[in-house]
Amino acid sequence: MIFNEIYSTYFNVVAKILRKAVEKPITINELRCIVNEYAYGESMLQLEPMLKEGKWQLLQEDGTSVLNHAPNMPLTLLQKRWLKAVAGDTRIRLFDNSWPELEGVEPLFNLTDYHVFDKYNDGDPYDDAIYRENFQTILKAVRGQKLLQVRMCSNKGNPVTMLILPQRLEYSEKDDKFRLLGQVGNHENTINIARIKHCELWQGAFTPPQLEPQLTEQATVVFELEDRRNALERVLLHFAHFQKVTERLAGERYRCSITYAVADEKEMVIRILSFGPMVKVIAPDNFVNLIKERLLKQKSCGL
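1. Some points on the overall build of the protein
Counting its regular elements, the protein contains 10 helices and nine strands. Relative to its 303 residues, the protein shows a buried fraction of 35%. Within the protein, residue pairs in contact and separated by at least 24 positions form 61% of the contacts whose partners lie at least 6 positions apart.

This is the structure in structure tokens:
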């Protein structure tokens, strides 16, 4: 949490509140509007009491800031070292990000310093020159909504050539693979990028047919968590891009409902288990059974 504790959504939102409070006293309604616009739906559970009750000692009782000047948040050396370590990830380098301000900074860690469990070992070849070239072409097509001509191998190893109108890129943390989702003819299609042998932007004329919208099958998992070791904030950040509802039960206990794509159910099991005993899944029954099966498999591996 080295980087997020300074530059996470919560801290950026608090900075916006303090900038306004430096100019004039901020009202509770103005504070809530800023939180609702720039933070998550559950952020009010933490930010409002911390600021209004003086737990963070950043706002006076009349709504003015304790600061004389608007807050500024330059990168610390530790944050730069963390960024330099992240920049060394082969997946990040696929996006051609350039951070000249990190020149000469020693990375905080490298890939040999840790080992990731609970994911497959046959991830995409991110250092392969052909893979990187194809990824860059696909990225241009997704951003510009350009038609792609793709040559690839089918599941049976047969060569296939197709035209696809890209919609988005998708990454599976469990499989460690990128997938391209797009429209092929009148149908939606998903392609593992590692199977693509060559792709290029289509230069010919093309009128995409109308595609009937297909709703992704959704499911909801409900779990309770105990806010020990900053569990609540970690859960909210980890699942920030999911549709969710969080409510306080009593004391430091919370209930969280998260909606996810059924196709990603195994990955959701892995994500929830990563929080250990602070999280307990209570519904639905089939998800509870998946958690139990996963734990039994892990226990059997240790015998």
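So much for the structure itself; the text now carries on.
2. A word on the sheet that holds strand E6 (residues 218-226)
By way of backbone hydrogen bonds, the strands of a sheet pair with one another, either parallel or antiparallel. Taken together, the four strands give an open sheet; going across it, the order is E7-E8-E6-E9, and neighbouring strands pair in antiparallel fashion. Strand pairing shows two members of the sheet lacking a second neighbour, strand E7 (243-250) and strand E9 (279-283), which therefore form its edges. Adjacent strand axes in the sheet meet at a mean angle of 25 degrees, parallel and antiparallel pairs treated alike. Bridge analysis of E7 against strand E8 (residues 253-261) gives seven bridges, and the strand direction is antiparallel. Residue pairing for E8: Glu247 is matched across the bridge by Arg255. Contacts between helix H8 (residues 231-238) and the sheet are confined to E6, E7, E8 and E9, with E6 contributing the most and set at about 160 degrees to the helix. Contacts from helix H9 (residues 265-273) reach E6, E8 and E9, with the element oriented near 155 degrees to E8.

3. Some remarks on the packing of helix H3 (residues 28-38) against helix H4 (residues 44-52)
Direction vectors running N to C along H3 and H4 enclose 145 degrees, while the axes themselves pass 11 Å from each other. Judged by the sense of rotation from one axis to the other, the crossing of H3 with H4 is right-handed. Along its contact with H3, which presents Ile28, Leu31, Arg32, Val35 and Asn36, the element H4 presents Met44, Leu47, Glu48, Leu51 and Lys52.

4. Thoughts on the sheet that holds strand E2 (residues 159-172)
Pairing in this open sheet of five strands is antiparallel, and the strands run E4-E3-E2-E1-E5 from one edge to the other. Only two strands of the sheet have a single neighbouring strand rather than two, namely strand E4 (187-192) and strand E5 (196-201). If you compare each strand with its neighbour and ignore which way they point, the axes differ by 45 degrees on average. Two strands pair when backbone bridges link them, and strand E1 (residues 148-153) and E5 are joined in this way by five bridges, in the antiparallel orientation. Considered in E5, the bridge of Leu148 is made with Leu201. Lying over the sheet, helix H7 (residues 129-144) contacts E1, E2, strand E3 (177-184) and E5, oriented at roughly 35 degrees with respect to E5.

5. Points about the nonpolar core
Counting residues in each nonpolar core, the largest one holds 39 residues, and the members touching the most others are Ile17, Phe223, Met268, Ile272 and Phe287. A per-element tally of this core places helix H2 (residues 9-23) first, with six residues. Ignoring sequence-local partners within four residues, the contact set of Met268 consists of Val221, Phe239, Phe242, Ile258, Tyr260 and Phe287.

6. What to know about the pattern of salt bridges
Under the counting rule described, the total for this entry stands at 12 salt bridges. Linking Arg255 and Glu224 is a salt bridge whose minimum nitrogen-to-oxygen distance equals 3.3 Å. With Arg255 in strand E8 and Glu224 in strand E6, this residue pair connects regions lying 31 residues apart in the sequence. The exposure class of Arg255 is partly exposed, given its relative accessible area of 26%. The network of salt bridges with shared partners includes Glu224, Glu247, Arg253 and Arg255.

7. A short note on the packing of aromatic side chains
This model, assessed by the stated rule, comprises 11 aromatic pairs. Ring centres of Phe95 and Phe135 lie 5.3 Å apart, and the angle between their planes is 85 degrees; on these two criteria the pair is classed as edge-to-face. Of the two residues, Phe95 is situated in the loop between helix H6 (90-93) and H7 and Phe135 in helix H7; the sequence distance between them amounts to 40 residues. Look at Phe95 and you get partly exposed, because its relative accessible area is 28%. For Phe135, a relative accessible area of 0% translates into the label buried. Seen from their ring centres, Tyr131 and Phe135 are 6.3 Å apart, and the 25 degrees between their planes marks the pair as stacked. Of this pair, Tyr131 and Phe135 both sit in helix H7, four residues apart, roughly one helical turn. Among the aromatic residues, ring-to-ring pairing joins Phe95, Tyr126, Tyr131, Phe135, Tyr171 and Phe178 into one connected group. In this structure, Lys16 packs its charged tip against the face of Tyr38, placed 4.4 Å from the ring centre.

8. A few points about H8
Here H8 has its buried residues at Ala231, Leu232, Glu233, Val235 and Leu236. If you follow the buried residues of H8, they end up packed against H2, H4, E6, E7, E8 and E9.

9. Observations regarding the environment of Val14
Position of Val14 relative to the elements: it lies in helix H2. Overall, the relative accessible area of 8% leaves Val14 in the buried class. Taking the C-alpha atoms as reference points, Val14 and Leu47, 33 residues apart in sequence, are found 8.0 Å from one another. Beyond its immediate stretch of four places on either side in the chain, Val14 contacts Leu47, Leu51, Trp56 and Leu58.

What counts, and where the lines are drawn
Residues numbered from 1 in each chain as written. Predicted model: local features only at pLDDT ≥ 70, side-chain atom pairs only at ≥ 80, totals over all residues. Heavy atoms only, no water. Helix = DSSP H or I, 4+ residues; strand = E, 2+ residues; numbered from the N terminus. Buried < 20%, exposed > 50% of the residue type's maximum accessible area, 1.4 Å probe, protein only. Contact = heavy atoms within 4.5 Å. Pairing = 2+ DSSP bridges. Axes fitted to C-alpha atoms, helices over the stretch in contact; angles between N-to-C directions. Left-handed = near helix turned anticlockwise from the far one by under 90°. Core = buried A, V, L, I, M, F, W, Y, C linked by side-chain atoms within 4.5 Å. Salt bridge = Lys/Arg side-chain N within 4 Å of Asp/Glu carboxyl O. Phe/Tyr/Trp six-rings, centres within 6.5 Å; stacked < 30°, edge-to-face > 60°. Lys NZ or Arg CZ within 6 Å of the ring centre and 35° of its normal.

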